[in-house]
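Fold and geometry: a report
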Amino acid sequence: MSLTFYNTLTRKKEAFEPIDPRNVRMYVCGPTVYDYAHIGNARPVIVFDVVYRLLCHAYGADHVTYVRNITDVDDKINARAAEEGSSIRELTERTAKQFHADIAALGVLPPTVEPRATEHIDEMKALCEQLVAKGHAYVADGHVLFDVASMADYGRLSNRSLEEMEAGARVEVAPYKKGPMDFVLWKPSKQAEPGWPSPCGIEGDGRPGWHIECSAMAGKHLGQVFDIHGGGIDLTFPHHENEIAQSRCAHGTDLMARVWMHNGFLQVEGEKMSKSLGNFITIHDLLDTKDFGNSQWNGRVVRWAMLATHYRQPIDWTVERLQQARATMFEVADVLHGVEPSGEPNGEVLAALSDDLNTPSALSIVHGLLKSAKRNSEKRPELKATLQFMGLYGDETLEDLDPGREVRDIDAGAVEVLIAARLEARKGKNWSEADRIRDELAALGVVLKDTKDPASGDIVTTWELAR
Ligand code: AMP
Ligand code: ZN
């Protein structure tokens with residue numbers, strides 16, 4: 001099975017060739033743990049979980065190392081802990097635990113290694129020392145700063161020259177910086193801030209900058225050059241550009257990772273998600289409360305809804321998207337619940353995923369498989385294996401898939417009217433209208449059953465709530 005991925009670094013879709021097929025290595029930037037992860041944060045977690053599953057399938061699970069870090073030292077964490085009056089440790093432990101529970105519900109597998117920044121301070125300090133020794137970083141005013149001008153091709157990932165970046169920079173430049181784009185590797189800590197003895201002969205305690213954390217953790221667990229580095233598109237600059245600068249200059253390599261993959265952004269009901277707009281949705285909200293669309297959503301439904309869009313496209317997160325995913329999953333559960341999966345995942349689905357993770361195409365193939373599985377029970381084990389492979393179906397019942405059903409007020413009269421309209425449409429051979437009505441009802445959790453009246457030969461439709 002040959003894989004192709006779009007590489008942000010080369011701006012091309014390329015055939016994937018691991019450096020060592022016996023140890024395929026991927027790093028993905030994980031969460032900064034100070035608050036509930038939002039539904040935008042869920043996107044890279046789900047997308048790269050699919051990449052991980054695909055790599056395991058192609059090279060064998062024992063031959064893939066997936067590292068997704070936890071950033072547990074960051075100024076946002078310090079500020080939140082002070083605000084709450086809790087200790088930093090308490091806040092980061094609690095948030096990391098919540099993150100794990102949330103993403104497990106989304107069918108996400110644990111990575112091979114989940115390093116924490118606070119456990120890699122020595123590696124970060126060593127990188128600072130190496131960069132200073134090689135003339136790529138300097139000490140100024142208690143900081144260690146990366147000297148951007150010392151790297152000939154800084155800006156290669158985001159495809160911008162240093163001149164362009166400097167012209168576009170609006171940030172006020174700290175007086176101790178040599179160049180306006182120079183960035184912090186290490187900074188001094190005040191008494192109340194977390195701190196560790198500083199490197200490079202600096203007196204007093206300090207703490208790392210964000211970018212150096214990922215360079216240190218990736219280097220430790222994956223080596224100087226590895227196969228895939230992933231994250232959201234917003235991380236391309238400056239975070240990933242700076243990770244590359246640090247790692248390459250410290251190790252004297254031409255690359256940090258061969259392939260750079262970035263997921264597109266997620267917005268909610270047509271707007272950028274933000275606390276002030278009141279459309280900020282956490283994974284926890286979707287799973288445990290009735291905040292979005294007056295419903296509560298099963299994690300697999302959330303995953304299905306996410307993967308219905310190609311990972312590089314932007315997503316508009318809507319209630320309708322979730323309803324559609326749930327309607328399909330009701331059909332899945334109806335046909336596949338309790339079926340023993342067997343065999344390999346479907347070949348066409350694998351081919352779609354192998355083509356730069358084309359999940360929308362994979363899901364439309366799944367729809368076709370579902371149609372034939374309804375008619376032919378022999379097709380079911382393979383479909384079940386396919387959906388399990390994608391993490392989309394873990395044998396949930398109709399009831400599991402609709403945890404918020406008690407809050408939805410189903411008007412039986414309106415359901416009967418729609419059923420009658422559907423029968424009418426079918427009589428007129430207007431199949432698309434009939435299907436549309438069935439989908440509309442399915443989105444409400446209403447499952448239809450068509451049976452033939454043995455006496456008259458007419459189709460009789462009964463309905464029940466998905467339970
Ligand atoms: P952060 O905790 O902000 O560093 O984000 C963690 C991950 O979530 C990064 O890979 C971000 O790129 C990604 N991310 C944050 N917001 C969004 C969004 N609205 N849509 C898609 N990905 C996002
Ligand atoms: Zn990172």
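The sections below set out a description of the structure shown in this document. Along each chain, numbering runs from 1 in the same order as the chain's sequence is written. As they are written, the chains are lettered A onward and the ligands numbered 1 onward, keeping that order. Whole-chain, interface and lining totals are the exception, using all residues; otherwise, since this is a predicted model, local features are given only for residues with pLDDT of at least 70 and side-chain atom pairs are given and counted only at 80 or more. No hydrogens and no water enter the side-chain calculation; it runs on all heavy atoms of the structure.

Notes on the coordination of the zinc ion (ligand 2)
Note that water is not among the atoms considered, so a metal site may appear incomplete; the donors listed are N, O and S atoms within 2.8 Å of the metal, with 3.2 Å applied to Na, K and Ca. The protein atoms that coordinate the zinc ion (ligand 2) are Cys 29 (SG), Cys 214 (SG), His 239 (NE2) and Glu 243 (OE), at distances of 2.0 to 2.3 Å. Seen from the zinc ion (ligand 2), its four donor atoms lie at angles of 78 to 128 degrees, and the figure they make is irregular. The geometry test gives tetrahedral to four donors whose angles all lie between 85 and 135 degrees, gives square planar to four donors and octahedral to six donors whose opposite members are over 155 degrees apart with all other angles between 65 and 115, and gives irregular to the rest.

Some words on the sheet that holds strand 6 (residues 143-146)
Strand pairing is assigned whenever DSSP identifies at least 2 bridges connecting the two strands. Under the scheme used here, helices are H or I runs from DSSP no shorter than 4 residues and strands are E runs no shorter than 2 residues, and both carry numbers assigned from the N terminus. The five strands are arranged 5-6-7-9-8 in an open sheet whose pairing can be described as antiparallel. A single partner strand is all that each edge strand has here, and the edge strands are strand 5 (137-140) and strand 8 (196-197). Relative to strand 6, strand 5 runs antiparallel, the two sharing four bridges. For Tyr 138, the partnering residue across the bridge sits in strand 6 and is Leu 145. Any pair of residues with heavy atoms lying within 4.5 Å of one another is described as a contacting pair. Helix axes use the C-alpha atoms of the stretch in contact, all axes being lines fitted to C-alpha atoms, and the angles between their N-to-C directions lie in the range 0 to 180 degrees. Across the sheet, helix 4 (residues 121-133) is in contact with strand 5, strand 6, strand 7 (183-188), strand 8 and strand 9 (205-208); its angle to strand 7 comes to roughly 120 degrees.

Structural notes on the sheet that holds strand 4 (residues 64-68)
Strand order in the open sheet formed by four strands is 4-3-10-11, and the pairing between neighbours is parallel. Looking along the sheet, the strands with just one partner apiece sit at the ends: strand 4 and strand 11 (257-263). Adjacent strand axes in the sheet meet at a mean angle of 20 degrees, parallel and antiparallel pairs treated alike.

A look at the packing of aromatic side chains
In this analysis, rings of Phe, Tyr and Trp, with Trp reduced to its six-membered ring, are considered paired at centre separations within 6.5 Å, and the interplanar angle assigns stacked below 30 degrees, edge-to-face beyond 60, and tilted for intermediate values. Taken as a whole and judged by the stated rule, the model has four aromatic pairs. Aromatic pair Phe 16 and Tyr 59: ring centres 6.2 Å apart, planes at 75 degrees, arrangement edge-to-face. Note that Phe 16 is positioned in the loop between strand 2 (12-15) and strand 3 (24-28) and Tyr 59 in helix 1 (residues 39-59), a separation of 43 residues in sequence. The pair Phe 16 / Tyr 59 is uniform in exposure class, with both members buried. The rings of Phe 5, Phe 16 and Tyr 59 are connected pair by pair, giving a single aromatic cluster. A positively charged side chain is recorded as over a ring if its NZ (Lys) or CZ (Arg) lies within 6 Å of the ring centre. The angle to the ring normal must also be within 35 degrees. Stacked on the ring of Tyr 138, the Lys or Arg Lys 178 has its end atom at 4.5 Å from the ring centre. Using a 1.4 Å probe on the protein chains alone, a residue whose accessible area is under 20% of its type maximum counts as buried, one over 50% counts as exposed, and one in between counts as partly exposed.

Some details on the site of ligand 1
Residues in close proximity to ligand 1 total 13 residues, the closest being Gly 40, Asn 41, Gly 232, Asp 234 and Leu 266. Any pair of nitrogen or oxygen atoms within 3.5 Å is treated as a polar contact; in protein, a donor-acceptor pairing is required on top of that, and neighbouring residues in sequence qualify only through side-chain atoms on both sides. Between ligand 1 and Gly 40, the relevant distance is 3.1 Å, taken from a nitrogen atom to a main-chain nitrogen or oxygen of the residue. Asn 41 places a polar side-chain atom, nitrogen or oxygen, 3.2 Å from an oxygen atom of ligand 1. Accessible surface area values rest on a Shrake-Rupley calculation with a 1.4 Å probe, where residue burial reflects the displayed protein chains alone. Relative to its unbound accessible area of 490 Å², ligand 1 is 86% covered by the protein chains. Here a cavity denotes grid points, spaced 1 Å and computed from the protein atoms alone, that fit a 1.4 Å probe unable to get out, and a pocket denotes an open set having protein on both sides within 12 Å along at least 5 of 7 lines; residues with an atom within 4 Å of a point are the lining. Each molecule is assigned to a cavity or pocket provided more than half of its atoms lie within 2 Å of the corresponding grid points. Here ligand 1 is seated within the largest pocket. The leading source of residues in the shell around ligand 1 is helix 1, at three residues. Classification used: nonpolar for Ala, Val, Leu, Ile, Met, Phe, Trp, Tyr, Cys and Pro, charged for Asp, Glu, Lys and Arg, polar for all others including Gly. A per-class count over the shell around ligand 1 returns four nonpolar, eight polar and one charged. One heavy atom within 4 Å of a molecule or strand is enough for the residue carrying it to be called near that molecule or strand.

Remarks on the layout of surface pockets
Grid points are joined across faces, edges and corners, and a volume is the space filled by probe spheres set on the points. One number sums up the size of the largest pocket: a volume of about 970 Å³. Of all the secondary-structure elements, those providing two or more residues to the lining of the largest pocket are helix 1, helix 2 (75-84), helix 3 (88-105), helix 6 (210-222) and strand 10 (226-232). No other element matches the four residues that helix 1 contributes to the lining of the largest pocket. When its residues are assigned to classes, the lining of the largest pocket shows 17 nonpolar, 14 polar and eight charged. Of the voids in this model, the second largest pocket is the one considered here, and its volume is about 750 Å³. Lining the second largest pocket are 30 residues, with Lys 177, Phe 183, Val 184, His 211 and Pro 238 sitting closest to its centre. Of all the elements in the fold, those that place two or more residues in the lining of the second largest pocket are helix 5 (162-168), strand 7, strand 9, helix 6 and helix 7 (236-251). Here the lining of the second largest pocket is composed, by residue class, of 15 nonpolar, four polar and eleven charged.

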